[in-house]
Amino acid sequence: MTSPIRYTILPARPEAHLYRVTCTVAQPDSAGQRFALPAWVPGSYMIRDFARHIVSIRAASRGRAIAIEKLDKHTWRAEPAAGPLAVNCEVYAWDLSVRGAHLDTRHAFFNGACVFLRVLGREAAPCELEIVRPRGARYRNWRVATAMARKGAKPYGFGAYVASDYDELIDHPVEMGEFTRSSFHAGGVPHDIVITGRHAADMRRLQRDLKRLCEHHMRFFGEPAPMKRYVFLVIAVGEGYGGLEHRASTALLCSREDLPREGDIEVSERYRTFLGLASHEYFHTWNVKRIKPAAFVPYDLDRENYTTLLWAFEGITSYYDDLALVRCGLIEKKDYLELLGRSITTHLRTPGRARQSLAESSFDAWIKYYRQDENSPNAGVSYYVKGSLVALCLDLLVRDKTRGRKSLDDVMRVLWRRHGLTGAGLEENGIERLAEEATGVKLERYFDDWLRSTRELPLKTLLATQGVEMELRPAESAQDKGGKPARSKNAAGLALLGIRARAQGDDTAVTHVLERGAAREAGVAAGDGLKRADADTCVLAELAGARARLRERWLRPRRV
Ligand SMILES: [Zn+2]
């Protein structure tokens, strides 16, 4: 049996945001062991070069210093040593996002990709991790939350944890601090909700609602669920939003106002946003953490991993995140249709949909979607938003062509059986083949149109097949996100400048100038200021409102 790679992590100087991390290899490569830090974190498709946060690195064997040489931006090689070889790094951590590493005197959070060196050639070896409590009285009450398996550590305690290989080691983010915790079982699997940061959340409500949601997703793909336990790691802040999926947990960043309070009965718009985020990341437990594009099997952590399939992994997940909320009864049908109307509005307000196809958007995620600038709305389309609308179109089309006998749900279940349960990567055309096979509907021409061309999606026609009427109306104000019918008949007629803007003191700063708008014609550029008086007329041309007659079965759960 191969000896495990041993890691330790100590929040060494929380006030200076410095972790001390060691990696010890019992039998290093006799030609000189190489180590590397990932350039990106799976789930967030952008090169982040985490090695830039390593502020010192040293190697030693049996108490003797060993020379360590840097080979490229994130790879090192130690001089040959008989072993054991220990590499010791200081890592700076001041990124309070779900994709990074953070450390201060209040709490610590990290993704393994930011802190744990990969031992090249030994990626398949089991890993043991010792999480060490920071020194000092103020850290006496800190605890640890992670989905990583314990090996000696007490529940929520510092101490020893274990992962079957490097890929798993970096797929269990870790939170340390004085968090609030609540637990529940769904489908026989223990789940934790861990909230860090100041908040006044009604934990019983969260527990009840998340349980319902998790059980719904489990039944959707079929029990038993593929994880032994699951942890929602929530960081509550003043303003913030984000999530990152993992095999047995998710890291969520939200505003504390998004969490339900004691005494709230309704699902507020903000809580609905939180539930949608939790639903999205939980669905990923199946769709992208286990059903994966072949391009991610295994992940190449040194560079971009290109795939045209992000529309399926992010778009289909975005379709089912809100749909699950209505199907399991957490929100009403009218709320769901409002959310759908808003997605359609967002899409129709993006002139870049005429420039970039969905497959291109996915392939170029690394340099476009994740690196947006003032021209992004004119140049590209979101594989989340358009991807979710393509999933909707696919679902509606299949339901219509098969008279309700088949749906996208059937496609997802076949995907799960063929690729999720087996771990076989999905080829670039895999989902298209499986969708035809699972539904018996010829879909090639639709996929060509929806994925590989910039033709408009037939949303209105397909929604009508389920009795949902979609109508476009002018925006009523700059805050109008769509999804609701016009408030008055006279709303039309506002000037359409074709800009996006944000408040700046008493004035308004232009952030984006949209293709074919009056502002573009007049030579307005991003960064220009506008007087507040003008800003009220800065509304966009297109907006969708969805109104439903609701004779459809589409929003109801289907028992398998
Ligand atoms: Zn996602």
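Everything here concerns the structure above.
Everything numeric here is computed off the predicted structure, so don't read it as measured data. (Residues numbered from 1 in each chain as written. Predicted model: local features only at pLDDT ≥ 70, side-chain atom pairs only at ≥ 80, totals over all residues. Heavy atoms only, no water.)

### Structural notes on the side chain of Arg48
Mapped onto the fold, Arg48 is located in the loop between strand E3 (34-36) and strand E4 (54-61). Setting aside residues no more than four positions away along its own chain, Arg48 makes contact with Ala39, Trp40, Arg99 and Tyr370. (Helix = DSSP H or I, 4+ residues; strand = E, 2+ residues; numbered from the N terminus. Contact = heavy atoms within 4.5 Å.)

### Points about the coordination of the zinc ion
Each protein donor to the zinc ion is listed here as His280 (NE2), His284 (NE2) and Glu314 (OE); together their distances run 2.0 to 2.1 Å. Counting residues between consecutive donors of the zinc ion along the chain gives the motif H-x3-H-x29-E. One end of the pair, His280, is in helix H4 (residues 269-284); the other, Glu314, is in helix H5 (residues 310-327), and 34 residues separate them in sequence. Of the residues examined, His280 reaches a relative accessible area of 7% and is grouped as buried. When its relative accessible area of 1% is taken as the criterion, Glu314 is described as buried. (Donors = N, O, S within 2.8 Å, 3.2 Å for Na, K, Ca; no water. Buried < 20%, exposed > 50% of the residue type's maximum accessible area, 1.4 Å probe, protein only.)

### Looking at the sheet that holds strand E6 (residues 68-72)
Strand order in this open sheet of four strands is E6-E7-E3-E11, and the pairing throughout is antiparallel. Each edge of the open sheet carries a strand with a single partner, namely E6 and strand E11 (118-119). Pairing between E6 and strand E7 (residues 75-78): four bridges, direction antiparallel. The residue of E7 that forms the bridge with Asp72 is Thr75. (Pairing = 2+ DSSP bridges.)

### Focus on H4
Here H4 spans 23 Å end to end across 16 residues, near enough to the 22 Å set by a 1.5 Å rise per residue. Counted residue by residue, H4 has 13 buried out of 16 residues, so it is predominantly covered. (Expected span 1.5 Å × (residues − 1).)

### Here's the deal with the pattern of salt bridges
Enumeration according to the criterion identifies 36 salt bridges in this entry. One salt bridge connects Glu269 with Arg342, and the closest N-O pair in it is separated by 3.0 Å. Separated by 73 residues along the polypeptide, Glu269 in helix H4 and Arg342 in helix H6 (residues 333-348) bring together distant segments of the chain. When its relative accessible area of 18% is taken as the criterion, Arg342 is described as buried. For Arg418, the salt bridge goes to Glu437, with nearest N and O atoms at 2.5 Å. A residue pair is termed long-range when its members are at least 10 positions apart, and Arg418 in helix H10 (residues 408-420) and Glu437 in helix H11 (residues 430-439) qualify at 19 residues. When its relative accessible area of 48% is taken as the criterion, Glu437 is described as partly exposed. (Salt bridge = Lys/Arg side-chain N within 4 Å of Asp/Glu carboxyl O.)

### Focus on the side chain of Lys386
Residue placement: Lys386 occurs in helix H9 (residues 385-401). Buried charge without a partner: Lys386 forms no salt bridge, and the closest opposite charge is Glu456, 7.3 Å away. Residues contacting Lys386, with those up to four places away along its chain left out, are His347, Leu358, Val381, Trp450, Ser453, Arg455 and Leu457. (Lys, Arg positive; Asp, Glu negative; His and termini not counted.)

### Focus on the nonpolar core
Counting 163 residues, the largest nonpolar core has Tyr19 and Phe232 as the members making the most contacts within it. Apart from the residues lying within four places of it in its own chain, the contact partners of Phe232 are Phe184, His191, Asp192, Ile193, Val194, Leu210, Cys214, Thr250, Leu252, Ala278 and Tyr282. (Core = buried A, V, L, I, M, F, W, Y, C linked by side-chain atoms within 4.5 Å.)

### A few points about unusual backbone geometry
Going from Gly83 to Pro84, the amide bond is cis rather than trans, its omega being -5°. Here Pro84 is to be found in the loop between E7 and strand E8 (85-92). With an omega of -5°, the peptide bond between Val297 and Pro298 qualifies as cis. Unlike most non-glycine residues, His17 shows phi in positive territory, near 60°. As for its position among the elements, His17 is in the loop between strand E1 (5-13) and strand E2 (18-25). The residue Tyr156 is not glycine, and still its phi comes out positive at about 60°. Secondary-structure assignment places Tyr156 in the loop between strand E14 (149-150) and strand E15 (159-163).

### Looking at the packing of H4 against H5
The geometry of a pair of packed helices is captured by two quantities: the angle between their axes and the separation between those axes. Between H4 and H5, whose axes approach to 8 Å, the crossing angle comes to 130°. On the basis of the axis angle, H4 is oblique to H5. Every pair of crossing elements has a handedness; the one defined by H4 and H5 is right-handed. On H5, the residues touching Arg272, Leu275, Gly276, Ser279, His280, Phe283 and His284 of H4 are Phe313, Glu314, Ile316, Thr317, Ser318, Tyr320, Asp321, Asp322, Ala324 and Leu325. Residues of the contact of H4 with H5, tallied by class, amount to seven nonpolar, six polar and four charged. (Axes fitted to C-alpha atoms, helices over the stretch in contact; angles between N-to-C directions. Parallel < 35°, antiparallel > 145°, perpendicular 65-115°, else oblique. Left-handed = near helix turned anticlockwise from the far one by under 90°. Nonpolar A, V, L, I, M, F, W, Y, C, P; charged D, E, K, R; others polar.)

### Let's talk about the packing of aromatic side chains
Scanning all chains against the criterion turns up 32 aromatic pairs. With centroids separated by 5.1 Å and ring planes inclined at 25°, the aromatic side chains of Tyr383 and Tyr384 adopt a geometry described as stacked. Across this residue pair, the class does not change: Tyr383 and Tyr384 are buried. For the pair Tyr446 and Trp450, a centre-to-centre distance of 5.4 Å together with 50° between the ring planes defines the contact as tilted. Separated by four residues within a single helix, Tyr446 and Trp450 lie in helix H12 (residues 444-452), roughly one turn from each other. (Phe/Tyr/Trp six-rings, centres within 6.5 Å; stacked < 30°, edge-to-face > 60°.)

Geometric values such as these leave the question of function open.
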